[in-house]
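Below are the chains, spelled out letter by letter.
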Amino acid sequence: MAFGKGLSAALNNPKRYGFTEANQLLAHVAHLRGVEVASLRNPLAAIKWMKENAPEILAIENTKISMTGVLTLSQIYTVSRALAAELSPQFFSGSMSRRQLEIALRRAEAEQGRRIAGHDRMKRAVGFEEEVFQYLCENPADLGLGAEVEIARTKRDSLIPSDFSLMQNGIVVALVECKSHRKTLHRRYLVETLAMAALRVSNHTNSILVVPTSWGQSIQELFDLCCDLRISNVRVASFGSTDDRDPKFSYENE
């Protein structure tokens, strides 16, 4: 959200940065970040919605707001403005999670008999995360961390974000982050993903990165980067199924 806020402000005055048009600036930023221009649309869409519907929240400095949560809220707004108005205070106060918003969106869509297009990546991410969570709850031994591993969703206000926390005897021994399907997997994205995974190691024994089998060769590339960059205590795992078989969780090169 902080990035989207800064980018939105820059696009309002591209000449300040040496560009005649906003699209030129947008293309330059995408090049610098090693991503497609389309990937910058989501943070801009989230900022635009907040400017129109929650400017007082947007004005607060250093507030922790999930971009995907705002996008889900904007979809709810499209289906039912009244419902969005009811849920917004709960989401911005931190009492309602992104996952709860997603459930509310699905229910609202079902009640209205319609489905909102867009933000498919976000929906896939939520679905993949849920699949991994359910699988690991049923098959904790696959984590290779010994007996009596408890799996819980990480609190939203954690300093270093993650999806799940793994505990033994009430002590966190590992943090798990899930990354969903993507059409493009730039090397810069892989490095940034590993960098965040490495940060999770600072106060915990292990950091586990779970990606779908659809990432293909990029899974091996992640493992190779771990070795080349000498990143320790980060394990790369794949999750998915092939040929209509049951899904499988496995560590790369282990």
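Data block above holds the structure.
What counts, and where the lines are drawn
Residues numbered from 1 in each chain as written. Predicted model: local features only at pLDDT ≥ 70, side-chain atom pairs only at ≥ 80, totals over all residues. Heavy atoms only, no water. Axes fitted to C-alpha atoms, helices over the stretch in contact; angles between N-to-C directions. Helix = DSSP H or I, 4+ residues; strand = E, 2+ residues; numbered from the N terminus. Parallel < 35°, antiparallel > 145°, perpendicular 65-115°, else oblique. Left-handed = near helix turned anticlockwise from the far one by under 90°. Contact = heavy atoms within 4.5 Å. Nonpolar A, V, L, I, M, F, W, Y, C, P; charged D, E, K, R; others polar. Pairing = 2+ DSSP bridges. Phe/Tyr/Trp six-rings, centres within 6.5 Å; stacked < 30°, edge-to-face > 60°. Buried < 20%, exposed > 50% of the residue type's maximum accessible area, 1.4 Å probe, protein only. Lys NZ or Arg CZ within 6 Å of the ring centre and 35° of its normal. Expected span 1.5 Å × (residues − 1). Arc of directions from axis to C-beta. Right-handed = clockwise from strand over helix to strand, strands pointing away.

K.L.:
Could you clarify how one ought to interpret the packing of helix α9 (residues 187-199) against helix α10 (residues 217-228) in this entry?
P.N.:
Packed helix pairs are specified by the crossing angle of their axes together with the interaxial distance, meaning the distance between the axes. The N-to-C vectors of α9 and α10 enclose an angle of 55 degrees; their axes lie 10 Å apart at closest approach. Considering their axes alone, α9 and α10 lie oblique with respect to each other. Note that α9 runs across α10; the crossing there is right-handed. Here Arg187, Leu190, Val191 and Leu194 of α9 come into contact with α10, specifically with Ser218, Glu221, Leu222, Leu225 and Cys226. In terms of residue class, the contact of α9 with α10 is made up of six nonpolar, one polar and two charged.

K.L.:
Help me understand the sheet that holds strand β6 (residues 248-251), please; the structure alone is not making it clear to me.
P.N.:
Strand pairing within a sheet occurs via backbone hydrogen bonds; the two strands may be parallel or antiparallel. The strand order β1-β2-β3-β4-β5-β6 describes an open sheet built from six strands, whose pairing is mixed. On the outer flanks of this sheet lie β1 (150-153) and β6, each paired with one strand and no other. Strand-to-strand twist across the sheet, computed as the mean angle between neighbouring axes with direction ignored, equals 25 degrees. Direction of pairing for β1 relative to strand β2 (residues 164-168): antiparallel, over a ladder of four bridges. Residue pairing for β2: Ala152 is matched across the bridge by Ser165. Against the sheet, α10 makes contact with β4 (206-212) and β5 (234-240), and its axis sits at roughly 175 degrees relative to β5, the strand it touches most.

K.L.:
Where do I start with the packing of aromatic side chains in this structure?
P.N.:
Centre distance and the angle of the planes are the two values used to describe a pair of aromatic rings. Summed over all chains, the structure comprises seven aromatic pairs. Geometrically, the ring pair formed by Phe91 and Phe92 is tilted, given 5.4 Å between the ring centres and 55 degrees between the ring planes. The class of Phe91 is buried, set by a relative accessible area of 0%. Residue Phe92 is classed as buried on the basis of its relative accessible area of 19%. In this structure an aromatic cluster arises from ring pairing among Phe128, Tyr135 and Phe239. Geometry around Phe133 places Arg153 over its ring, the cationic atom sitting 3.8 Å from the centre. Geometry around Tyr251 places Arg235 over its ring, the cationic atom sitting 3.8 Å from the centre.

K.L.:
Looking at this structure, how should I read helix α7 (residues 98-112)?
P.N.:
In an α-helix there are 3.6 residues to a turn, and that puts residues three or four apart on one side. Here α7 spans 21 Å end to end across 15 residues, near enough to the 21 Å set by a 1.5 Å rise per residue. Within α7 the residues assigned to the buried category are Leu101, Glu102, Ala104, Leu105, Ala108 and Glu109. Within α7, the buried residues cover an arc of 160 degrees as seen down the axis, which keeps them to one side. Summarising the geometry of α7, the exposed residues directed more than 90 degrees from the buried face are Arg107, Ala110 and Glu111.

K.L.:
Help me understand the pairing of β4 in this model?
P.N.:
Strand residues, when the strand is regular, have side chains that alternate between the two faces of the sheet. Of all seven residues in β4, seven are buried, a share of seventy percent or more. The alternating pattern of β4 places Asn206, Ile208, Val210 and Pro212 and Ser207, Leu209 and Val211 on opposite faces, both of which are buried. Relative to β4, strand β3 (residues 171-178) is paired through five bridges, and the arrangement is parallel. Looking at β4, one finds that Cys178 is bridged to Val210. Bridge analysis of β4 against β5 gives six bridges, and the strand direction is parallel. Bridge pairing in β5 places Pro212 opposite Phe239. Remark: the β4/α10/β5 crossover connection has right-handed handedness.

K.L.:
Please clarify how the environment of Cys226 should be interpreted in this entry.
P.N.:
Here Cys226 shows up in helix α10. With relative accessibility at 7%, the residue Cys226 sits in the buried group. Setting aside chain neighbours within four positions, we find Cys226 in contact with Leu194, Ile231, Val234 and Val236.

All we've got here are geometric facts, nothing functional implied.
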